[in-house]
Amino acid sequence: MRRGSWAEDMAALRREADDDVIRVRRLEQLGVPQRTSYRRCQQDGPWLWLLPGIIKLTSGPPTWRQLVVAALLHAGDDALISGLAGLRLHRLRRVEEPPSIHVLVPWTHQVRSHGFAVIERTMRMPPRVERDGLPVAHLVRCLTDAVRRMKDHDRISALMTDPVQRELLVVEQIHDELEAGCRRGTAAPRAVLGAVRLGVRSPAEFGAFEFWNSHDFPEALWNVPLLAPGDRSLIAIPDALVKGVGFAWEQDSVQEHFATRSQVLATRRRRQRLFEHNVYVLSSRPNDLRDDPDGVRREIVKGLEIAAGMPEPTVLYGEPGRRSS
C-alpha cells in the first residue's frame, strides 16, 4: 500500500483532532483512506478504535477526557455531556470517573447508545456550558440526570448535598428541574431532596436523618445556627437539634470532619460552648447507625433525658440549613 502525504506529517493530523480523538470521516478529508484508518487500529497498531467512526491517533488506553470527546463526536453536533460525567466536569466533589458517558442530544437526532456512550434524546435540551473545553449541560440538569438513574439514597444524598452545601445550587432549582423533567426514577431523589430542604447538608447527616425519623423521637431541626443571646455571635451549628429541650446530636464522620489535632481541639471547644449554654451534645459515628442501631437509640433516649433535666438553653436560633460552624 502506498502511503499518502499525511504519513509524513502526523503532527498535522493530530492538530485536527481533539486530544488525539478524531472522526474517520475527517481523516478521509485529510487524505487518509478509511481502510487505512481501521487497519491502523488493529491489534498492536499505532491507533485505537473507540466508537464507530471514532478513533484515537495514539495507542494505549484512552484517558477519561478522550472517552468524553469520543462520546461527543459519536453523538454529533449540538450534543451536551450530562449526568455523572457532567458533574465531574463541573468539579463536583464525591464524583469519580464514571464508566459511561451520558450525552444529551436533541429529540430529532437519530443516534443510538454504543459502548460507553449513553445517548439520551430529549425535547428539553438545556443551555450549553463549557467546562474543560467541552460542552456540558448546566449543573442542575447534570445533577438530576444523574440521580434519577440511582436508587441508593446514600449515593443520591452525596451528590445532592454537595452543591447545596457549597451554595452552587439552591433546593428550589433542583426541585424545579425534577418537576420539569421526566418523572420516571425521581422517587428516591425527591425523598432525599425533602431532607435537604429541611437542612440536611451531608451524606452522614442524611443517614442520621433517616435513622431519627424511623424512631419515635421528638422533632429535630437540622443545621440550625445557635447564637449567643447578647451579641448574637455564633456558638455552633449542630447537625440535629431538639429545640427547647437543649439536645444536640452530631455525626463524627471521618470523611466530613478530618481528625487533625486542631480540629479535635476546635470540636472540644465548640462542645464546651454548647454545654455552657445548657445544650447537651451526643455524638455518634455513621458506622454506629449501621452496626449498632439499638445502642445508638438507647444513647439518644438517655441523652434526651439528660437534656430535659438541664436548665433551659440560653441560645437564640438562626436560620436552618447552614453547614459550617
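Below you will find a few notes about this structure.

1. Focus on the pairing of strand β2 (residues 48-51)
Step number 1: The sheet contact formed by β2 and strand β3 (residues 54-56) spans 3 bridges and is antiparallel. Bridge pairing links leucine 51 to isoleucine 54 in β3.
Step number 2: Count of turn residues in the β2/β3 antiparallel hairpin: 2 residues, of which glycine 53 carries a positive phi of about 80°.

2. Some thoughts on helix α11 (residues 261-276)
Step number 1: The terminal C-alpha atoms of α11 lie 23 Å apart, and with 16 residues this matches the ideal 22 Å at 1.5 Å per residue to within 8%.
Step number 2: Within two residues after α11, asparagine 278 carries a phi angle of roughly 65°, on the positive side.

3. As for the sheet that holds strand β14 (residues 280-284)
Step number 1: The sheet built from 4 strands is open, its strands ordered β9-β12-β13-β14 with mixed pairing. In this open sheet, the two edge strands, each paired with only one partner strand, are β9 (221-222) and β14.
Step number 2: This element, helix α10 (residues 203-213), spans β9, β12 (240-242) and β13 (247-251) of the sheet and lies at about 130° to β13.

4. Some remarks on the sheet that holds β2
Step number 1: If you trace the 3 strands from one edge of the open sheet to the other, you get β1-β3-β2, paired in antiparallel fashion. Looking at strand neighbours, the two that pair on one side only are β1 (21-23) and β2, the edges of this open sheet. On average, each strand axis in the sheet is tilted by 35° relative to the strand beside it, whichever way the strands run.
Step number 2: Along the sheet, helix α4 (residues 64-75) makes contact with β1, β2 and β3, crossing β1 at roughly 15°.

5. Regarding the side chain of aspartate 162
Step number 1: Within the element layout of this structure, aspartate 162 appears in helix α7 (residues 153-165).
Step number 2: On the accessibility criterion, aspartate 162 (0% relative accessible area) is buried.
Step number 3: Excluding residues that lie within four positions of it along the chain, aspartate 162 makes contacts with Leu92, Arg93 and Arg94.

6. Quick word on the packing of helix α8 (residues 171-180) against helix α9 (residues 187-197)
Step number 1: Contact geometry of α8 with α9 gives a least axis separation of 10 Å together with a crossing angle of 160°. The orientation of α8 with respect to α9, classified from their angle, is roughly antiparallel. Helix-helix and strand crossings are classified by hand; for α8 and α9 the assignment is left-handed. Between α8 and α9, the contacting residues are Val171, Glu172, Ile174, His175, Leu178 and Glu179 on the first element and Pro189, Arg190, Leu193, Val196 and Arg197 on the second.

7. Brief notes about the packing of aromatic side chains
Step number 1: Throughout the structure, instances matching the rule amount to 7 aromatic pairs.
Step number 2: Judged by centre distance (6.4 Å) and plane angle (20°), the rings of phenylalanine 206 and phenylalanine 209 are stacked. Of the two residues, phenylalanine 206 and phenylalanine 209 both sit in helix α10, 3 residues apart, roughly one turn of that helix. Like phenylalanine 209, phenylalanine 206 is buried.
Step number 3: In textbook terms, an aromatic cluster arises when at least three aromatic residues are bridged by ring pairs, as seen for Phe211, Trp212, Phe217, Phe247, Trp249 and Tyr280.

8. Digging into the pattern of salt bridges
Step number 1: Using the criterion set out here, one finds 22 salt bridges in the structure.
Step number 2: Between aspartate 132 and arginine 65 there is a salt bridge; the shortest N-O distance is 3.3 Å. Placement of the pair is aspartate 132 in the loop between β7 (128-131) and β8 (134-137) and arginine 65 in helix α4, with a sequence separation of 67 residues.
Step number 3: Ionic pairing is found between arginine 190 and glutamate 179, a salt bridge with its closest N-O pair at 2.6 Å. Pair noted here: arginine 190 is in helix α9 and glutamate 179 is in helix α8, with a separation of 11 residues, a long-range link.
Step number 4: A residue is classified by how much of its surface remains accessible, and arginine 190, at 22% relative accessible area, is partly exposed.

About the cut-offs
Residues numbered from 1 in each chain as written. Predicted model: local features only at pLDDT ≥ 70, side-chain atom pairs only at ≥ 80, totals over all residues. Heavy atoms only, no water. Pairing = 2+ DSSP bridges. Helix = DSSP H or I, 4+ residues; strand = E, 2+ residues; numbered from the N terminus. Expected span 1.5 Å × (residues − 1). Contact = heavy atoms within 4.5 Å. Axes fitted to C-alpha atoms, helices over the stretch in contact; angles between N-to-C directions. Buried < 20%, exposed > 50% of the residue type's maximum accessible area, 1.4 Å probe, protein only. Parallel < 35°, antiparallel > 145°, perpendicular 65-115°, else oblique. Left-handed = near helix turned anticlockwise from the far one by under 90°. Phe/Tyr/Trp six-rings, centres within 6.5 Å; stacked < 30°, edge-to-face > 60°. Salt bridge = Lys/Arg side-chain N within 4 Å of Asp/Glu carboxyl O.

Limitation: the analysis is restricted to geometry and does not speak to function.
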